[in-house]
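Here are the chains, one letter per residue:
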Amino acid sequence: MTDQTRFTETLTRIARPLMLTHAGLVAERLARAFWPLWSVVILALALLMLGVHDMVRVEVVWGVGAALILMALVFAIRGGLRFRWPRREEAIGRLDASLRGRPLQALRDDQAIGAGDFGSETLWRAHQDRMAQRAASARAVEPDLRVSSRDIFGLRFIALTVFMVAMLFGSFWRVGSVTGMAPGGGAALAAGPAWEGWIEPPFYTGLPVLYLADLDGEIRVPQGSKATLRLYGEVGALSVEQSVGTSTEEPTAPAQSFQMTQDGELAITGPGGESWQVSLTADMAPTVTVAGPAEASLRGEFKLPFEAADDFGVEGGEAVIELDLDAVDRRYGLAIDPEPRDPIRMVMPLPIAGDRTKFRQDLIEDLSQHPWANMPVTVTISARDAAEQVGLSAPFETRLSARRFFDPLAAALIEQRRDLLWNRDNARRIVQVMKAISWQPEGLFRNETAYLRMRVLLRRMDTITQYASLNDEQVEEMAQALWDLALLIEDGDLEDARERMQRAQERLSEAMKNGASDEEIARLMQELRDATQDYMRQLSREAAEDGQMGEELSAEQMENAMRLSQDDLQAMMDRIQELMEQGRMAEAQQALEELQRMMENMRVTQGQQGQQQSPGQQAMEGLSETLRDQQGLSDQAFRDLQEQFNPNANRGESGQNQGRDGNQGQGQQHGQGAQGQREGQGGGQPQPGQGNRQGQQFGQGQQPGQPGQQGQPGGGGDQSLEGNLADRQQALRDELNRQRNNLPGMSGEAGRAAREALERAERAMRGAEEALRGDDLAEAIDQQSDAMEALREGLRNMGEAMAEEQRQRGGQQGQADGNAGGERNDPLGRQAGTNGEMGSQQDMLQDRDVYRRALELEEELRRRSGEGDRPEVERDYLKRLLERF
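Residues numbered from 1 in each chain as written. Predicted model: local features only at pLDDT ≥ 70, side-chain atom pairs only at ≥ 80, totals over all residues. Heavy atoms only, no water.

## Remarks on the overall build of the protein
Stage number 1. Helix and strand counts for the protein stand at 25 helices and 17 strands.
Stage number 2. Burial statistics for the protein: of 885 residues in total, 41% are counted as buried.
Stage number 3. Taking the contacts inside the protein whose residues are at least 6 apart along the sequence as the reference set, 71% of them involve residues at least 24 apart.
Stage number 4. In the structure as shown, the protein presents an accessible area of about 47900 Å², 52% of it carried by carbon and sulfur atoms. (Helix = DSSP H or I, 4+ residues; strand = E, 2+ residues; numbered from the N terminus. Buried < 20%, exposed > 50% of the residue type's maximum accessible area, 1.4 Å probe, protein only. Contact = heavy atoms within 4.5 Å. Areas by Shrake-Rupley, 256 points an atom, 1.4 Å probe, with all protein chains shown as cover.)

Right, dumping it as structure tokens:
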């Protein structure tokens with residue numbers, strides 16, 4: 001076989017790739033020669049489809065048309081001169097260039113040396129066979145249609161963009177209307193449409209605009225759609241006849257627009273006119289129904305499921321809750337008519353994403369403190385659509401589910417609070433019930449704080465209601481005080497919360513060991529979450545009341561202290577629940593034991609901190625003792641005031657209260673003496689609170705039968721009693737002055753506020769003392785109440801001032817110690833690590849929802865990684881970050 005024969009056979013085998021390559025060359029040269037021509041043609045067609053020629057004068061249309069035609073002719077001639085039909089050899093050369101070693105060219109070569117030599121000829125034939133095989137694998141070469149080097153301004157893209165807009169918003173029908181602008185074009189105008197019109201459905205339906213020229217016969221559109229018509233040519237040649245709405249325009253007006261409100265006929269009469277039968281679909285009002293019974297969540301939140309639907313989607317709504325007075329058990333405090341109260345209004349929750357034409361949601365609101373809590377109510381839910389149509393559910397009768405109190409004393413206080421908010425005329429009855437409740441407090445109150453707060457509230461309510469009715473502010477204040485007192489009694493103190501948390505941990509551990517069901521484990525896990533949150537809440541509350549905000553620890557203690565935040569606990573419990581859901585019970589049990597150890601370490605750390613009191617803590621403890629003594633003295637004055645108005649009815653109560661107060665006072669004296677003994681071991685300087693021993697008789701009540709007992713018949717009994725109370729008030733004021741003089745240095749706004757509050761407390765005590773010496777017990781009680789309020793404010797401000805000083809001291813120490821210790825922040829706001837570390841990841845998201853923040857970061861990274869104008873290096877970096885999510 002000769003070389004030429006082999007080359008011919010090879011071309012026959014690759015005829016298809018060669019033909020496609022040749023066609024690509026033709027396309028390349030056509031694109032490069034005629035791209036201006038097709039750009040002008042596309043631009044002219046787009047302008048005609050958009051109807052631009054109908055919006056301007058005919059002279060402008062012909063001028064622009066002539067210019068476009070002239071440009072098209074110029075570019076056509078220019079392209080024809082530059083275009084060269086590609087030869088077959090050029091196609092072979094391009095296909096050969098795409099192959100390794102240019103095999104087609106090798107098949108056309110002849111042996112230059114070695115002709116006649118058997119070995120050399122054999123080698124040449126093998127080379128030719130190899131080149132033929134390589135050429136047989138040829139594939140068509142893609143043409144290069146880019147003309148960016150010739151169209152440096154991107155004019156072809158401008159024309160293409162206008163054409164795409166015309167495809168979306170224009171119509172080919174408008175192209176034919178340009179013929180009517182030519183001389184003698186009236187007949188052509190009559191042959192094609194000389195009008196245009198469209199129907200726009202309401203925006204909220206999401207339906208597309210309908211072009212009338214593309215429709216025939218019957219049209220079905222939503223009610224409220226808007227019809228717009230444009231008539232061209234001579235005025236009066238065409239007219240509009242319709243019975244679907246009311247139009248203010250004349251039938252022959254060139255531009256008409258009206259709202260479609262009923263079924264009917266729409267017609268355009270005249271040359272080229274059409275008619276349509278229009279049917280309107282009604283927009284149905286939304287529907288809403290209650291989907292299940294109301295219930296209370298673990299936190300006492302009212303929860304009511306509902307379902308809502310609308311043909312085009314629900315836009316909003318609300319739930320109105322009204323008291324079902326006929327179903328109320330009208331006994332005791334509810335026997336009298338209730339005070340007028342506005343209904344409860346709750347905004348309807350809507351799906352954040354997804355379809356709103358039909359959905360199911362829950363109404364959730366914490367209404368535990370509302371006067372109607374746990375009472376029969378009627379719930380009416382309304383839904384509103386975009387057309388402002390409202391659908392109502394049937395009134396649903398239920399109880400306003402709220403938090404329930406299981407401690408009998410707390411439940412009784414909540415009932416009295418309900419009666420007070422029902423009608424303030426129940427105030428006197430509430431005072432009597434509370435007196436009966438606190439008649440014999442032994443074994444009823446778990447701590448002294450709850451008893452003292454109840455007595456102060458009782459005294460205040462009794463004093464006010466004896467002379468006048470409660471106003472709105474006083475009702476709200478006392479209702480809040482009753483609620484706080486009931487919470488204190490129901491939830492207990494820190495020890496009670498710790499016991500509940502430990503019991504929840506033990507029950508969850510046993511459930512995991514015994515292979516409990518998933519539902520049971522989920523319920524116990526939620527119980528542990530609630531108990532742990534309650535414990536942390538009680539811990540912070542007790543720390544604030546006892547002045548723990550101003551603790552001053554050494555650097556070593558602060559480094560070794562176990563500090564847990566709500567986010568840390570939440571993350572640990574989420575990890576435990578995740579392990580249980582995956583069936584990894586052994587790891588979940590180990591994580592639960594680690595949580596128990598951490599909570600126990602925090603308890604031990606708290607105890608160590610409480611044993612080492614700073615001067616600021618000792619001062620706050622002394623002021624707290626003074627506050628308790630002032631409360632006891634105010635209670636005694638209140639009982640004496642009762643004796644003055646009704647000496648016979650309250651004699652037994654007064655005697656028993658005195659005996660009880662005497663026992664409490666003796667206990668306080670014993671505890672105070674022990675405390676003073678402990679404090680005296682630290683040095684000879686007197687500490688705040690030690691001087692209270694001389695006035696420990698403040699809390700001691702006089703025993704029955706002693707001289708000067710109130711209520712005992714005698715000439716000077718009352719006078720000696722008032723003098724005794726005044727002397728005790730004076731001693732208490734002297735003790736406060738001593739404590740004020742021994743206060744530690746406190747700077748800042750909080751420190752100044754604390755000193756001013758203590759100064760007001762001293763003035764109020766002086767006023768109480770003068771009132772007691774003047775036998776004005778009512779005025780004395782008011783002054784004592786002001787003194788107690790000022791003392792509480794002073795304690796709060798002292799805690800804030802000491803906490804601020806501690807933060808400043810920690811920052812200064814961190815700056816002095818550098819990376820070796822101290823507490824300082826890195827540029828990201830994190831606490832600097834130890835052992836030379838530049839920072840730590842602890843508390844980077846302070847008081848933030850970690851998971852919500854992570855989702856926000858992920859969405860932002862995805863948005864940036866999808867922006868094509870960003871550098872490739874940056875987008876690669878963002879993609880690597882997304883892989884970590």
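## Overview of the packing of helix 2 (residues 15–49) against helix 7 (residues 155–169)
Stage number 1. Following both chains from N to C, one finds helix 2 and helix 7 inclined at 30°, their axes separated by 8 Å at the closest point. For the element pair helix 2 / helix 7, the angle class is roughly parallel. For the crossing formed where helix 2 meets helix 7, the hand is left-handed. Between helix 2 and helix 7, the contacting residues are W35, W38, S39, I42, L43, L45, A46 and M49 on the first element and R156, A159, L160, V162, F163, A166 and M167 on the second.
Stage number 2. Looking at the contact of helix 2 with helix 7 residue by residue, the class counts come to 13 nonpolar, one polar and one charged. (Axes fitted to C-alpha atoms, helices over the stretch in contact; angles between N-to-C directions. Parallel < 35°, antiparallel > 145°, perpendicular 65-115°, else oblique. Left-handed = near helix turned anticlockwise from the far one by under 90°. Nonpolar A, V, L, I, M, F, W, Y, C, P; charged D, E, K, R; others polar.)

## Observations regarding the sheet that holds strand 2 (residues 210–211)
Stage number 1. Reading across from one edge, 2-1-4-6 is the order of the four strands in this open sheet, with antiparallel pairing throughout. Bordering the open sheet on either side are strand 2 and strand 6 (255–259), each of which pairs with just one other strand.
Stage number 2. With two bridges connecting them, strand 1 (residues 195–200) and strand 2 associate as antiparallel partners. Bridged to I199 within strand 2 is L210. (Pairing = 2+ DSSP bridges.)

## Describing helix 11 (residues 427–437)
Stage number 1. What helix 11 keeps buried is the set A427, I430, V431, M434 and I437. The buried side chains of helix 11 occupy one side of the element, clustering within an arc of 125° when seen end-on. Exposed side of helix 11, more than 90 degrees from the buried face: Q432 and A436 are the residues found there.
Stage number 2. Residues of helix 11 that are buried make contact with helix 10 (408–422), helix 12 (448–465) and helix 13 (472–491). (Arc of directions from axis to C-beta.)

## So, the sheet that holds strand 5 (residues 239–242)
Stage number 1. Read from one edge of the open sheet, four strands run 3-8-7-5, paired in mixed fashion. With partners counted over all chains shown, the strands left at the sheet margins are strand 3 (217–222) and strand 5, one partner each. The mean inter-strand angle of the sheet, taken between neighbouring strand axes irrespective of direction, is 25°.
Stage number 2. Pairing of strand 5 with strand 7 (residues 264–269) involves four bridges; the strand directions are antiparallel. Residue pairing for strand 7: S239 is matched across the bridge by T269.

## Notes on the packing of aromatic side chains
Stage number 1. For the structure shown, the criterion picks out six aromatic pairs.
Stage number 2. On the numbers, 5.8 Å between centres and 75° between planes, the contact of Y204 with F312 is edge-to-face. Taken together, the residues span a long stretch of sequence, with Y204 in the loop between strand 1 and strand 2 and F312 in the loop between strand 11 (302–309) and strand 12 (314–323) at a distance of 108 residues.
Stage number 3. Taken together, a centroid distance of 5.4 Å and an interplanar angle of 85° make the contact between F405 and W483 edge-to-face. (Phe/Tyr/Trp six-rings, centres within 6.5 Å; stacked < 30°, edge-to-face > 60°.)

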